[in-house]
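# Descriptive analysis of the structure
Okay, here's what each chain looks like letter by letter:
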Amino acid sequence: MYIHVGENVILKTGDIVGFLDVETLKQSRSNLRILNMLKDKGPEIKTVIITEKNGITEEIFSIISTKTLKSRISKWSKINLT
């Protein structure tokens, strides 16, 4: 299955490792590397999506909320996302 994550980006759900809410990331200094990346992306970014394909990890930045992305996956699959 595939999911649209905003700005003409579509990801295969099997490649998604997790969703990170930007507001939650801002609460801890241990997320400094990702927070530094966000500075270049703009204030509208709401979610960082971590993907892994062929052993390569990548961060995708989305303007769509974590809750909405979770809802999109849960709606079309039997995966229980808690």
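Structure report, in brief. (Residues numbered from 1 in each chain as written. Predicted model: local features only at pLDDT ≥ 70, side-chain atom pairs only at ≥ 80, totals over all residues. Heavy atoms only, no water.)

Once that is clear, we can look at the overall build of the chain. Counting its secondary structure elements, the chain contains three helices and five strands. When the helices and strands of the chain are listed from N to C terminus, the series reads β-β-β-α-α-β-β-α. A globule of 82 residues ought to have a C-alpha radius of gyration of about 12 Å, and the chain, at 13 Å, matches this closely. Looking at the chain as a whole, 32% of its 82 residues qualify as buried. In the chain, of all internal contacts separated by at least 6 residues, the share reaching a separation of at least 24 is 46%. Carbon and sulfur atoms form 51% of the exposed surface of the chain, whose accessible area is close to 5900 Å². (Helix = DSSP H or I, 4+ residues; strand = E, 2+ residues; numbered from the N terminus. Rg over C-alpha atoms; globule rule 2.2 N^0.38 Å. Buried < 20%, exposed > 50% of the residue type's maximum accessible area, 1.4 Å probe, protein only. Contact = heavy atoms within 4.5 Å. Areas by Shrake-Rupley, 256 points an atom, 1.4 Å probe, with all protein chains shown as cover.)

Quick look at the pattern of salt bridges now. Applying the stated criterion across every chain yields a total of two salt bridges. Across the salt bridge formed by Glu23 and Lys26, the nearest N and O atoms sit 3.5 Å from each other. Residue Glu59 is joined to Arg33 by a salt bridge in which the shortest nitrogen-to-oxygen separation is 3.0 Å. Placement of Glu59 in strand β5 (residues 56–62) and of Arg33 in helix α2 (residues 32–41) is noted, with a sequence separation of 26 residues between them. Look at Arg33 and you get exposed, because its relative accessible area is 54%. (Salt bridge = Lys/Arg side-chain N within 4 Å of Asp/Glu carboxyl O.)

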